[in-house]
Amino acid sequence: MLIILRPDASSSDRDRVVALIERLGFTAQIIEGVQRDAVAIVGNDGRVDAARFTALPGVDDVIQITRPYRMVSREWRAEPTVVSLPGGRTIGGPELLIVAGPCSVESEAQLFGTARAVLAAGAGALRAGAFKPRTSPYAFQGLGDEGLELLAAVRRDTGLLIVTEAMDEEGLERVAEVADIVQIGARNMQNYALLKRAGRAGKPVLLKRGMSASVADLLLSAEYVLSEGNPDVILCERGIRGADPGTRNLLDLSAIPSVKSLSHLPIMADPSHGTGKRALVPAMARAAIAAGADGLLIEVHLNPAEALSDGAQSLYPEQFALLMGELRGIAGVIGRRVS
Ligand code: PEP
Ligand code: MN
């Protein structure tokens, strides 16, 4: 961390900065400039809070040099993390994990029908929420435990891996019993109590980027899970709040190579929530794989017009099957493969 002093800072302002650095247990190194001085903190391992210095008289700016996250960073681990999943599947290596299914579990017929369709098209895992974080309290909230039972049944029947969301600490354990990957949604990305519990869940965690979160915020949330002992975190870019009402969110494809350069964790993309429009999903799915995503989360519904949530962004099974063929082609070009 580098503390930049104002040009008119007095020597006692400078001494105060140095004294605080030493009080925190670090070494201060003064860098004298022509117009202004700066003080570097030597030995900061990311624990120093910049706000301690910005408030001091004579301080103009504080520049963070050490990244605030540790275990998720490339410096901590140079090799990409490959998360092992049941059935010999992986994510983070050459194999791409395509996760498809309805937004919500609605009924046995809907879930089994969609599961068979996405399996036939080559999906590696089924997504469907039993607990749904809806913006309105009056919207369909999911089938809850009954939905989890249906997910367990479809797993037994089809062999598809299950990705489903845990919304709160009480529900997380029940979700983790059924899920092969526990999803933490955008609205909960900064629910630190839930993240810590997920760190002890014993199952891989799919952590979706919050709608106003920076890439650094996302990585810091992942750090919570890793620091509780769970190394199997998969990140997910699902779009951030944009300025254009023409799309539901702004799918930030640049976050994919950005995360790859900063972190060893795998990252997926969710073009369904990222666009909110069925017609835009295939192009953004292809683009995400080309950008280096390790997998995709795609909403597919047997009858989107009747969906209880997110019908407008759900692909028809035939569209999904077509997209899978295209993804296989793109994967081949970039030295990867669809499982
Ligand atoms: C979902 O995956 O259905 C979902 C609610 O996503 P998000 O948390 O990204 O809004
Ligand atoms: Mn959804």
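Predicted, not measured: the structure shown is a model, and the values here were computed from it.

What counts and how
Residues numbered from 1 in each chain as written. Chains lettered and ligands numbered in written order. Predicted model: local features only at pLDDT ≥ 70, side-chain atom pairs only at ≥ 80, totals over all residues. Heavy atoms only, no water. Helix = DSSP H or I, 4+ residues; strand = E, 2+ residues; numbered from the N terminus. Buried < 20%, exposed > 50% of the residue type's maximum accessible area, 1.4 Å probe, protein only. Contact = heavy atoms within 4.5 Å. Areas by Shrake-Rupley, 256 points an atom, 1.4 Å probe, with all protein chains shown as cover. Lys, Arg positive; Asp, Glu negative; His and termini not counted. Charge placed at Lys NZ, Arg CZ, Asp CG, Glu CD. Domains from an automatic or database assignment. Near = heavy atom within 4 Å. Polar contact = N/O pair within 3.5 Å; in protein donor to acceptor, adjacent residues only side chain to side chain. Nonpolar A, V, L, I, M, F, W, Y, C, P; charged D, E, K, R; others polar. Donors = N, O, S within 2.8 Å, 3.2 Å for Na, K, Ca; no water. Expected span 1.5 Å × (residues − 1). Arc of directions from axis to C-beta. Core = buried A, V, L, I, M, F, W, Y, C linked by side-chain atoms within 4.5 Å. Salt bridge = Lys/Arg side-chain N within 4 Å of Asp/Glu carboxyl O. Axes fitted to C-alpha atoms, helices over the stretch in contact; angles between N-to-C directions. Parallel < 35°, antiparallel > 145°, perpendicular 65-115°, else oblique. Left-handed = near helix turned anticlockwise from the far one by under 90°. Pairing = 2+ DSSP bridges. Right-handed = clockwise from strand over helix to strand, strands pointing away.

1. Some words on the overall build of the protein
Along the protein, the regular secondary structure elements total 11 helices and 15 strands. Looking at the protein residue by residue over its 339 residues, the buried ones come to 52%. Sequence separation of at least 24 residues holds for 67% of the intrachain contacts in the protein that already meet a minimum separation of 6. Within the structure as shown, the protein displays about 14,500 Å² of accessible surface, and the carbon and sulfur contribution to it stands at 52%. Of note, the protein has its 36 positive side-chain charges centred 2 Å away from the centre of its 40 negative side-chain charges.

2. Considering the domain arrangement of the protein
By a frequent convention, interface size equals the accessible area lost on bringing the separate parts together. By domain assignment, the protein separates into domain 1 (2-63) and domain 2 (83-338). Of note, the centres of domain 1 and domain 2, computed from C-alpha atoms alone, are 44 Å apart.

3. Section: the site of ligand 1
Around ligand 1, a shell composed of C103, R127, K132, E165, Q183, G185, A186, R187, K208, R238, H273 and E299 is seen. K132 is positioned such that a nitrogen or oxygen atom in its side chain is 2.8 Å from an oxygen atom of ligand 1. Protein coverage of the free-state accessible area of ligand 1, which is 300 Å², stands at 97%. Its residues assigned to classes, the shell around ligand 1 shows two nonpolar, three polar and seven charged.

4. Quick word on the coordination of the manganese ion (ligand 2)
Surrounding the manganese ion (ligand 2) are the protein donor atoms C103 (SG), H273 (NE2), E299 (OE) and D310 (OD), which sit 2.0 to 2.3 Å from the metal. Each donor residue of the manganese ion (ligand 2) belongs to the same chain, with the gaps between them written as C-x169-H-x25-E-x10-D. Taken together, the residues span a long stretch of sequence, with C103 in the loop between strand 7 (95-101) and helix 3 (108-121) and H273 in helix 9 (residues 271-275) at a distance of 170 residues. Of the two residues, C103 and H273, both sit in the buried class.

5. Some details on helix 11 (residues 317-333)
An ideal rise of 1.5 Å per residue puts 24 Å on 17 residues; helix 11 measures up with 25 Å between its terminal C-alpha atoms. Considered for burial, the residues of helix 11 that qualify are P317, F320, L323, M324, L327 and A331. Looking down the long axis of helix 11, one finds its buried residues gathered within 115° of arc, a one-sided arrangement. Seen from the buried face of helix 11, the exposed residues on the opposite side, beyond 90 degrees, are E318, L322, G332 and V333. G335, located one to two residues past helix 11, shows a positive phi value of around 75°.

6. Concerning the nonpolar core
Formed by 67 residues in total, the largest nonpolar core has its most connected members in L126, L151, L207, L235, L296, I298 and F320. Those residues within four positions of F320 in sequence are excluded, and the remaining contacts are I98, A100, V118, A121, A123, I298, V300 and L315. Counting residues in each nonpolar core, the second largest holds 16 residues, with V18, I21, V39 and F53 among its members.

7. Some thoughts on the pattern of salt bridges
Going through the model one piece at a time under the given rule, you end up with 19 salt bridges. In this structure, the salt-bridge partner of R174 is D145, at a minimum N-O distance of 2.5 Å. In this pair, R174 sits in helix 5 (residues 169-178) while D145 sits in helix 4 (residues 145-158), placing the two residues 29 residues apart along the sequence. With a relative accessible area of 37%, D145 lands in the partly exposed category.

8. A word on the side chain of S104
Topologically, S104 is positioned in the loop between strand 7 and helix 3. With residues near it in sequence (within four places) discarded, S104 still touches Q110, A128, G129, K132, F140 and S309.

9. With respect to the packing of helix 10 (residues 281-290) against helix 11
Contact geometry of helix 10 with helix 11 gives a least axis separation of 10 Å together with a crossing angle of 20°. Taken together, the axis directions place helix 10 and helix 11 in an arrangement best described as roughly parallel. Viewed along their axes, helix 10 and helix 11 form a crossing whose handedness is right-handed. Facing helix 10, whose interface residues are P282, A285, R286, I289 and A290, helix 11 presents L323, E326, L327 and I330.

10. Things to note about the sheet that holds strand 4 (residues 59-63)
Ordered by their spatial adjacency, four strands build an open sheet running 2-3-1-4, and the pairing between neighbours is antiparallel. At either margin of the open sheet sits one strand with a lone partner, and together these are strand 2 (27-31) and strand 4. Neighbour-to-neighbour, the strand axes of this sheet turn through a mean angle of 20°, independent of strand direction. With three bridges joining them, strand 1 (residues 2-5) and strand 3 (residues 38-42) adopt antiparallel strand pairing. Its bridge partner being in strand 3, I4 is matched across the sheet by A38.

11. What to know about the packing of helix 3 against helix 11
The geometry of helix 3 relative to helix 11 is characterised by a closest axis approach of 9 Å and an angle of 25° between their N-to-C directions. Between helix 3 and helix 11, the interaxial angle falls into the category roughly parallel. For the crossing formed where helix 3 meets helix 11, the hand is right-handed. Across the interface between the two elements, A117, V118 and A121 from helix 3 touch P317, F320, A321, M324 and R328 from helix 11.

12. Comments concerning the pairing of strand 9 (residues 161-165)
Burial runs high along strand 9: five of the five residues are buried. Because side chains alternate across strand 9, one face comprises the buried residues L161, V163 and E165, and the other comprises I162 and T164, equally buried. Of the pairings in the sheet, the one linking strand 8 (residues 125-127) to strand 9 comprises three bridges and is parallel in character. Paired with A125 across the two strands is L161, which belongs to strand 9. Following the chain from strand 8 across helix 4 to the adjacent parallel strand 9, one finds a crossover that is right-handed. Bridge count between strand 9 and strand 10 (residues 181-184): three bridges; the pairing is parallel. The residue of strand 10 that forms the bridge with V163 is I181. The β-α-β motif built from strand 9, the intervening helix 5 and the parallel element strand 10 has right-handed crossover chirality.

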